[in-house]
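Take a look at the letters that make up each chain.
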Amino acid sequence: MKKTKNTPNLNRRNFLAGTASVAGLAATASIVPITIANANHKEGSKGLPDFISWKNRDALIVHSDKGIETHRSAIGEGLVTPNANVYIRNNMPTMSDAQIGDRNNWKVSIEGVNNPKSFTLAELKAMGTTTMATVLQCSGNGRGFFEHKPRGSQWKTGAAACVMWTGIPVKTLVDACGGITSGTTFMTSAGIDHEPTGLDPMKAMIERSVPKEVYKDAILAWDMNGVPLPNSHGGPLRMITPGYFGINNVKHLGKVSFTSEESQVKYMKSSYRISPIGKKGSQYPSCWEMPVKSWITRPTDETGTVKAGKVQIVGVAMGGTRKVRSVKVSVNGGKSWKKAKFVGPDLGKFAWRQFVFETTLSAGSYNIASLASNGRDKQPELRMENRRGYAHNGWKDHSVNITVV
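Procedures and definitions
- Residues numbered from 1 in each chain as written.
- Predicted model: local features only at pLDDT ≥ 70, side-chain atom pairs only at ≥ 80, totals over all residues.
- Heavy atoms only, no water.
- Salt bridge = Lys/Arg side-chain N within 4 Å of Asp/Glu carboxyl O.
- Buried < 20%, exposed > 50% of the residue type's maximum accessible area, 1.4 Å probe, protein only.
- Helix = DSSP H or I, 4+ residues; strand = E, 2+ residues; numbered from the N terminus.
- Contact = heavy atoms within 4.5 Å.
- Pairing = 2+ DSSP bridges.
- Axes fitted to C-alpha atoms, helices over the stretch in contact; angles between N-to-C directions.
- Patch = residues over 30% accessible without salt bridge, like charges linked within 9 Å, V, L, I, M, F, W, Y side chains within 5 Å.
- Areas by Shrake-Rupley, 256 points an atom, 1.4 Å probe, with all protein chains shown as cover.
- Lys, Arg positive; Asp, Glu negative; His and termini not counted.
- Charge placed at Lys NZ, Arg CZ, Asp CG, Glu CD.
- Phe/Tyr/Trp six-rings, centres within 6.5 Å; stacked < 30°, edge-to-face > 60°.
- Lys NZ or Arg CZ within 6 Å of the ring centre and 35° of its normal.
- Disulfide = S-S within 2.5 Å.

A few words on the pattern of salt bridges. Opposite charge on two side chains lets them pair, provided their charged atoms get close. Within the structure shown, the criterion is met by nine salt bridges. A salt bridge links Arg353 to Asp346; the nearest nitrogen and oxygen atoms lie 3.8 Å apart. Residue classification places Asp346 among the partly exposed residues on the basis of a relative accessible area of 37%. Two residues, Glu385 and Arg383, come together in a salt bridge whose shortest N-O distance is 2.8 Å. Using a relative accessible area of 24% as the deciding quantity, one classes Glu385 as partly exposed. Among the residues examined, Arg383 registers a relative accessible area of 12% and is labelled buried.

Have a look at this one:
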């Protein structure tokens, strides 16, 4: 049977026309103590919700208990984002230690395979381990730039991070279960964080389907930047789908199924769909693959004025499901561009790269922009207008204004 790849067409022109379509490296990330694996359900401090009171308040912008953004300048000088600085985006309440129980006894079932099985976390750890760096990014990162003010957290650049995950390849589990059954098209991951709420699973379960071939790169992660996966980031086990938006990286993972159809729950069927303003429905593309993207992290308007003379411009760039190949920088609002250089180690095609561009600036006002390419696609100038403000990678909105004195 011929397989149909149901991938979203994010080409701006077609969309508007209505066409649907590392050992040691983690140590450089200012890792916080292993105790953050616990939810820490104590009274919140410094304006943070209690379940993440261990995070770095100075690095974060609190939109709500479910939406907490990293300051543009708090990405840091390293490639890996410190756990204490990583953004928070939750649809369901974070599970508590009591709800999770003994982490080693946490179970995940593998279905849609020739020999369906359930595995405890302890069993997974004994079967094989890998470590991978990926960009974790909310589908709505950049929503704050949309003029129609879509509903949801008004993120600018801070609903993104580069994280080192440790876990087991999904392919290892598939092989242990005798392979995938015939006639399947999707890999469907389901969390169990809705269960303590007592809500209708069809409305509350976080279950996401992605094209089946994603399993070849996916892992089930139990460590985040060298420590046990914090409850607030989906511990003790989370699906990691490299190159795909954060919603597909299902938290508190309880089941992985290979299915012939997409899940019918709300968070797959109707939510996270990239639809024109004023329209919605399951006929529109789902938030799957991330597009190529970059932005400046230093200097920015957060850092104040810049001294005239030699100026170092720093930023991060990602290629989505492909390796980012190049970045150009403009200091005049996109009128002219010059090539930046990548610095630091290459952590793989699913991680971001840090780039640097050095120039000499005299006193005045400047608009600094970056433009990344993965060899096939490059950042567009403008955002792709859509109802919920998803998948924004336009370079113009992501540029920064600085004053040189």
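There's more to say after this.
What follows is about the side chain of Thr120. Assignment of secondary structure puts Thr120 in strand 5 (residues 117-120). For Thr120, a relative accessible area of 15% corresponds to the buried category. Discounting residues that sit within four places of it in the chain, Thr120 has contacts with Asn104, Asn105, Trp106 and Lys107.

Right, let's get into the sheet that holds strand 13 (residues 253-259). Strand order in the open sheet made by the five strands is 5-4-13-8-9, with mixed pairing throughout. Edge positions in the sheet fall to strand 5 and strand 9 (207-211), since each has one partner strand and no second. Across the sheet, the mean angle from the axis of one strand to that of its neighbour is 15°, orientation sign disregarded. Pairing of strand 8 (residues 186-191) with strand 13 involves six bridges; the strand directions are antiparallel. Paired with Ala190 across the strands is Lys255, a residue of strand 13.

A cluster of basic residues, Arg151, Lys203, Lys266 and Lys280, forms a positive patch on the protein surface. Note that Lys280 resides in the loop between helix 6 (266-269) and strand 14 (293-298). The exposure class of Lys280 is exposed, given its relative accessible area of 62%.

Inspection of every chain in the model, using the stated rule, returns six aromatic pairs. Arranged with centres 6.1 Å apart and planes meeting at 75°, the rings of Tyr87 and Trp155 form a pair that is edge-to-face. Of this pair, Tyr87 sits in the loop between strand 2 (67-70) and strand 3 (88-89) while Trp155 sits in the loop between strand 6 (130-137) and strand 7 (160-169), placing them 68 residues apart in sequence. Among the residues examined, Tyr87 registers a relative accessible area of 5% and is labelled buried. The exposure class assigned to Trp155 is buried, which follows from its relative accessible area of 0%. Ring centres 5.9 Å apart and planes at 90° place the aromatic pair Trp295 and Trp352 in the edge-to-face group. You can see Trp295 sitting in strand 14 and its partner Trp352 sitting in the loop between strand 18 (341-343) and strand 19 (353-361), a full 57 residues away along the chain. Side by side, Trp295 and Trp352 carry an identical accessibility label, which is buried. The ring of Phe146 carries Arg383 above its face, with NZ or CZ at 5.6 Å from the centroid.

This part is about the pairing of strand 2. Neither face of strand 2 is open: one carries Gly67 and Glu69, the other Ile68 and Thr70, and all of them are buried. Where strand 1 (residues 60-64) lies against strand 2, four bridges are found, and the strand directions are antiparallel. By the bridge assignment for strand 2, Leu60 is matched with Thr70. Connecting strand 1 to the antiparallel partner strand 2 that follows it, the hairpin turn spans two residues. In the sheet, strand 2 pairs with strand 3 via two bridges, with the strands oriented antiparallel. When the bridges of strand 3 are listed, Gly67 appears paired with Arg89.

A negative phi angle characterises most non-glycine residues, just as the trans form characterises most peptide bonds. In the segment running from Gly235 into Pro236, the intervening peptide bond is cis, with an omega of 5°. Relative to the assigned elements, Pro236 resides in the loop between strand 11 (227-228) and strand 12 (238-240). Cis peptide bonds are those with omega within 30 degrees of zero, and the linkage from Arg298 to Pro299 qualifies with -10°. Relative to the assigned elements, Pro299 resides in the loop between strand 14 and strand 15 (309-318). The phi dihedral of Asn225 is positive, around 55°, even though this residue is not glycine. Residue position: Asn225 is located in the loop between strand 10 (219-224) and strand 11. Even without a glycine there, the phi angle at Tyr272 is positive, about 55°. Of note, Tyr272 is situated in the loop between helix 6 and strand 14.

We now examine the state of the cysteines. Summed over the entire model, instances satisfying the criterion amount to zero disulfides. Cys138 takes part in no disulfide bond, and the closest cysteine sulfur, belonging to Cys287, lies 8.4 Å away. Relative accessible area serves as the criterion here: at 7%, Cys138 is assigned to the buried category.

The next subject is the side chain of Ser139. Tracing the chain through its elements places Ser139 in the loop between strand 6 and strand 7. When sequence neighbours within four positions are dropped, the list of residues in contact with Ser139 reads Phe245, Ile247, Tyr272, Cys287, Gly389, Tyr390 and Ala391.

Next up on the list: the pairing of strand 5. Every regular strand shows the same layout, with side chains that alternate between the two sheet faces. In the sheet, strand 4 (residues 107-111) pairs with strand 5 via four bridges, with the strands oriented antiparallel. Each bridged residue has a counterpart across the sheet, and for Val108 the counterpart in strand 5 is Phe119. Two successive antiparallel strands, strand 4 and strand 5, enclose a turn made up of five residues, where Gly112 displays a positive phi of approximately 75°.

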